Number of protein chains: 2
Amino acid sequence: MKWEEIAKELTQPTDSKIVLLVMDGLGGLPVNGQTELEAAHKPNLDETARRGICGLTDPVFPGITPGSGPAHLALFGYDPLYYQLGRGILEAMGTGVEVGRDDVVARGNFATIRDGVVVDRRAGRISTEENQRLCHLLNQNLKEIESIKITLYPGKEHRFVLKLSGSGLSDALTDADPQKEGKPAVPANPLTSEADFTARVVNKFLEELRLLLKDEPKANYALLRGFSKFPSHLPPMSALYKIKPASIANYPMYRGLTRLLGMEVLDVGPATEEIFLVLEKNYEYYNFFYLHYKKTDSTGEDGRYEDKVKAIEEIDKFIPRLWALNPDVLVITSDHSTPSVLKSHSWHPNPFVLVSKYAPADEVSCFTEKECARGWLGRFPSLQAMPLMLAHALKLKKFGA
Amino acid sequence: MKWEEIAKELTQPTDSKIVLLVMDGLGGLPVNGQTELEAAHKPNLDETARRGICGLTDPVFPGITPGSGPAHLALFGYDPLYYQLGRGILEAMGTGVEVGRDDVVARGNFATIRDGVVVDRRAGRISTEENQRLCHLLNQNLKEIESIKITLYPGKEHRFVLKLSGSGLSDALTDADPQKEGKPAVPANPLTSEADFTARVVNKFLEELRLLLKDEPKANYALLRGFSKFPSHLPPMSALYKIKPASIANYPMYRGLTRLLGMEVLDVGPATEEIFLVLEKNYEYYNFFYLHYKKTDSTGEDGRYEDKVKAIEEIDKFIPRLWALNPDVLVITSDHSTPSVLKSHSWHPNPFVLVSKYAPADEVSCFTEKECARGWLGRFPSLQAMPLMLAHALKLKKFGA
């Protein structure tokens, strides 16, 4: 019996409220003996640790460095090893593309071909502006193929998202990408007979694109990968947990992912204070709030240790506004670690603190990796965060008699 | 490979002895800053913690509040998510009904019907004495239907257990219960063709019961739910672990459950000392002893914090008698927590201590939730308790070469 089945059976609607603040990429590694969390002056995060019960979470399992998608899915109680999202859908979310239940999306690269052979898979990494111009040109001249609406969304440099909208589409297609330079371009091939129609549309799209771009010096073709549909097997959080969830995130990827999970995605600007303003304004209308803070991850990804320390100090000032709302359950944690010294996501477990009147405080008084390791929650899979939050909000009935 | 398969392969019979004392519902939450365990004067439990190695267990998984059935199954090494026991069988165990391998049992409610419509699903909660009178009446007048023996066992107020004995019975039946008042009574319907016969017997039983009770003012009908058979897929502990297990429990539910697992269920009175007397008297005849102490749970369920503290102090006096037997492995733990402030089972993990000459003592010197959180066993699923006990009793061979 899986957690989802248990959740469906045991969750009960209540008025109790849960606030989950995700400080993206929070966990770090020492520079001059201190991690970013250890170096930061963060009295309010420390006070939260003092009031609550702490631990360390593993997003997928120990040693595995997760992408943002799987790391967040786990935090929301969706097994990331079971719910794998297609590359196309992740790229679409990251680019801010809204994907309907019948759409098919794919990651696109502008590329260079000579005599049918792919000579540069990234079209010399054309500029983002150049990319925007090309997408605009194609959107103007290539609106529909066999009643399927075609839309291109420019990303950074040579990357774009292709969206096909209409009925009868399937994502069971091979990549239209030879994967290596020096090889001939390949069409998308259907993997099932239901995908015959979609393959025909995609390949016609590529033919017409080639004609439209034939005079471009670099970006005279495109490669398409990771065809995917909306993951309709993802049960919405409201159905699983009988909660009314709201998402407060500014970045497209997190907005898109939480929309896939059926959360109400609230508008929020890029300023840190906005997270808290939007929470306060909407506090009475929902009973589960996901708050996303990106700066701890982006500074870590850039290897800017000092800036990551500052990012922690910046959000720390607003933590008392979470206390002031007095939610039944307050959790502050991360989706994954992003140590500045690695300039990337990492496998290190995440500091986790849960505050609830049914969670007697442990002895942790400092919100750091090291101190959380001594917390009473111990080390646990991120997938158990949701059961713990629901339990402490008294939203879970007894299992068995 | 599941634990059971590993157990069957790796366990070996030895003379070493294991004593497992389950203090039901032991874990609690603070009142005036102290949990029941923290408030209790319990020098012997503390000394046990000092001698042993401690930890905290999660019965099902973090956040899940278990019933007594799943919580105990986990402690005995049976995955509670896999081995789910039917409602009827649990009710039968709780009522002290012995269930044979071919019997079918169901939970019954006396109910009130008017013109075929269920107007009170609990027959106005008739008294237990009234219930006993009705069950006696029915047992006298309705002994057999189509060679199937019919027996009713009165429970509290309107509740009873129906047992069908004979051959060819199946438990694949829908509830004979409209679930809501104001709806017509419904028959039990077979879910498979093998259950046709049983459904016919059950529905004839209900017809005859209606005739026999037609002049009763309140309890003039009955509803039947949770038809279930003996869970024959449960392997006996002796086969899994090559041990000779004995159960020392006074409450019907725990006696019934351990009988299902093939333990020898010894007679024991309700006095706390009896647990230890029966253990001492039978110590030479078995090599695994399950001791059940109910008071810590029943006082917690009632919200009687002080009485729960006293219940802990009461059993503490007898702990030296466990030491005196010098078992190879002594474990003291709980099946689940029952904090007085919640007046119910809860999801909080259970204090656990294991004493063995192969378990060097950790630094825990006080048997409390908080101190056990610092023990070397860490936080682990209850399902791992049995492997740990068997290992420390040298009953497990090497896995692999």
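Just so it is clear, the model here is predicted, and its values are computed rather than measured.

## A few points about the overall build of chain A
Assigned secondary structure in chain A consists of 15 helices and 15 strands. For chain A, whose C-alpha radius of gyration is 23 Å, the value lies close to the compact-globule estimate of 21 Å for 401 residues. Taking the principal axes of the C-alpha coordinates as reference, chain A spans close to 70 × 55 × 40 Å. A burial count over chain A gives 52% of its 401 residues as buried. Within chain A, residue pairs in contact and separated by at least 24 positions form 71% of the contacts whose partners lie at least 6 positions apart.

## Quick notes on the pairing of strand β1 (residues 18–23) of chain A
All names here are of chain A. The buried fraction of β1 amounts to 6 of the 6 residues, a majority that puts the element mostly inside the structure. Residues I18, L20 and V22 point to one face of β1 and V19, L21 and M23 to the other, with burial holding for every one of them. As paired elements, β1 and strand β12 (residues 288–293) share 6 bridges and run parallel to each other. Bridge pairing in β12 places V22 opposite H292. Of the strand pairs in this sheet, β1 and strand β13 (residues 329–333) are connected by 5 bridges, and their pairing is parallel. Residue pairing across strands places I18 opposite V329, the latter belonging to β13.

## With respect to the interface of chain B and chain A
On the side of chain A, 18 residues touch chain B, which itself brings 22 residues to the contact. For the side of chain B that touches chain A, the secondary-structure elements that each account for two or more residues are α4 (68–75), α5 (87–95) and β15 (378–381) of chain B. Grouping the amino acids of the side of chain B that touches chain A by side-chain chemistry returns 13 nonpolar, 7 polar and 2 charged.

## Digging into helix α10 (residues 272–282) of chain B
Residues and elements named next belong to chain B. Of the positions making up α10, those classed as buried are I275, F276, V278 and L279. One face of α10 carries all of its buried residues, which in axial projection span an arc of 160°. Contacts from the buried residues of α10 go to β10 (245–248), β12 (288–293) and α13 (319–325).

## Re the nonpolar core
In globular proteins that are soluble, nonpolar side chains generally tend to be buried together. Ranked by size, the top nonpolar core spans 243 residues in total, and within it A:I248, A:L291, B:I248 and B:L291 carry the most contacts. Once residues within four sequence positions are removed from consideration, A:L291 is found in contact with A:V19, A:L20, A:L21, A:V22, A:I248, A:I275 and A:L279.

## Comments concerning the relation of the copies chain B and chain A
It takes a turn of 125° to lay chain B on chain A, together with a shift of 0.4 Å along the axis; the resulting RMSD is 0.3 Å. Both chain copies can therefore be described as sitting about a three-fold axis. A share of only 5% of the interface residues of chain B reappears at the interface of chain A, consistent with the copies meeting through non-equivalent patches.

## Some words on the packing of helix α5 (residues 87–95) of chain A against helix α9 (residues 252–260) of chain A
All names here are of chain A. Closest axis-to-axis distance for the α5/α9 pair is 6 Å, and the angle between their directions is 125°. By the angle between their axes, α5 is oblique relative to α9. As α5 packs across α9, the resulting crossing turns out to be right-handed. Across from A92, M93, G94 and T95 in α5, the residues of α9 making contact are P252, M253, G256 and L257. Class assignment for the residues of the contact of α5 with α9 results in 5 nonpolar, 3 polar and no charged.

## So, the environment of A:L322
Residue and element names in this part refer to chain A. Here L322 shows up in helix α13 (residues 319–325). With 205 residues separating them in the primary sequence, L322 and V117 have C-alpha atoms 57 Å apart. The contact partners of L322, leaving out residues within four places of it in the chain, are V19, L21 and L330.

## Description of the domain arrangement of chain A
Residue and element names in this part refer to chain A. We note that the domain assignment places domain 1 (3–84 + 233–392) and domain 2 (89–229) within chain A. On a C-alpha basis, the centroid separation for the pair domain 1 and domain 2 is 35 Å. Each partner contributes to the interface: domain 1 provides 5 residues, whereas domain 2 provides 6 residues. Residue contributions to the side of domain 1 that touches domain 2 peak at 4 residues, all from α9. Of the residues in the side of domain 1 that touches domain 2, the class split is 3 nonpolar, 2 polar and no charged.

## With respect to the sheet that holds strand β11 (residues 264–265) of chain B
Residue and element names in this part refer to chain B. Sheet architecture is open: 8 strands sit in the order β11-β10-β12-β1-β13-β14-β2-β15, paired in mixed fashion. Two strands close off the open sheet at either side, each with one partner strand: β11 and β15. When β10 meets β12, the two strands line up parallel, connected through 4 bridges. The residue of β12 that forms the bridge with P245 is F288. This element, helix α15 (residues 385–392), spans β1 (18–23), β2 (53–58), β13 (329–333) and β14 (350–355) of the sheet and lies at about 155° to β13.

## What about the sheet that holds strand β2 (residues 53–58) of chain A?
All names here are of chain A. As summarised here, the arrangement of the 8 strands in space is β11-β10-β12-β1-β13-β14-β2-β15, forming an open sheet in which the pairing is mixed. In this open sheet, the two strands that pair with only one neighbour each are β11 (264–265) and β15 (378–381). Against the sheet, helix α3 (residues 43–51) touches β2, β13 and β14 (350–355), its axis set at about 60° to β14.

## Brief notes about unusual backbone geometry
A negative phi angle is the norm for most residues apart from glycine, just as the trans form is the norm for most peptide bonds. All names here are of chain B. Here the phi dihedral of R125 falls at roughly 45°; this positive angle occurs in a residue that is not glycine. Turning to its location among the elements, R125 is positioned in the loop between β4 (117–120) and α6 (128–141). The exposure class assigned to R125 is partly exposed, which follows from the 15 C-beta atoms found within 10 Å. In this structure, K343 is a non-glycine residue whose phi angle is positive, near 50°. Among the secondary structure elements, K343 is positioned in the loop between β13 and β14.

## Notes on the environment of B:A239
Residues and elements named next belong to chain B. Position of A239 among the secondary structure elements: in helix α8 (residues 237–241). Exposure remark for A239: the 13 C-beta atoms within 10 Å place this residue in the partly exposed category. Separated by 42 residues in sequence, A239 and K281 have C-alpha atoms that sit 25 Å apart.

## Structural notes on the pairing of strand β7 (residues 159–165) of chain A
Residues and elements named next belong to chain A. When you tally the buried positions in β7, you get 5 out of 7 residues, the bulk of the element. Relative to β7, strand β3 (residues 104–114) runs antiparallel, the two sharing 6 bridges. Bridging across to β7, V105 finds its partner in K163. Pairing of strand β6 (residues 148–154) with β7 involves 6 bridges; the strand directions are antiparallel. In the sheet register, T151 faces β7, and the bridge partner there is K163. Counted between consecutive antiparallel strands, the loop separating β6 from β7 contains 4 residues, among which E157 sits at a positive phi close to 50°.

## Focus: the confidence of the model for chain A
Within chain A, residue pLDDT values average 95, and 100% of them lie at 70 or more. ipTM for the predicted complex: 0.85, alongside a pTM of 0.87.

## Quick notes on the environment of A:R122
Residue and element names in this part refer to chain A. Structurally, R122 is set in the loop between β4 (117–120) and α6 (128–141). Sequence separation between R122 and T112 is 10 residues, and the spatial gap between their C-alpha atoms is 7.3 Å. Apart from the residues within four sequence positions on either side, R122 is in contact with N109, A111 and H158.

What counts and what doesn't
Residues numbered from 1 in each chain as written. Chains lettered and ligands numbered in written order. Predicted model: local features only at pLDDT ≥ 70, side-chain atom pairs only at ≥ 80, totals over all residues. Helix = DSSP H or I, 4+ residues; strand = E, 2+ residues; numbered from the N terminus. Rg over C-alpha atoms; globule rule 2.2 N^0.38 Å. Buried ≥ 20, exposed ≤ 12 C-beta atoms within 10 Å, placed from the backbone. Contact = placed C-beta atoms within 7 Å. Pairing = 2+ DSSP bridges. Nonpolar A, V, L, I, M, F, W, Y, C, P; charged D, E, K, R; others polar. Arc of directions from axis to C-beta. Core = buried A, V, L, I, M, F, W, Y, C linked by C-beta atoms within 7 Å. Least-squares fit on C-alpha atoms with pLDDT ≥ 70 in both. Axes fitted to C-alpha atoms, helices over the stretch in contact; angles between N-to-C directions. Parallel < 35°, antiparallel > 145°, perpendicular 65-115°, else oblique. Left-handed = near helix turned anticlockwise from the far one by under 90°. Domains from an automatic or database assignment. pLDDT = per-residue confidence, 0-100.

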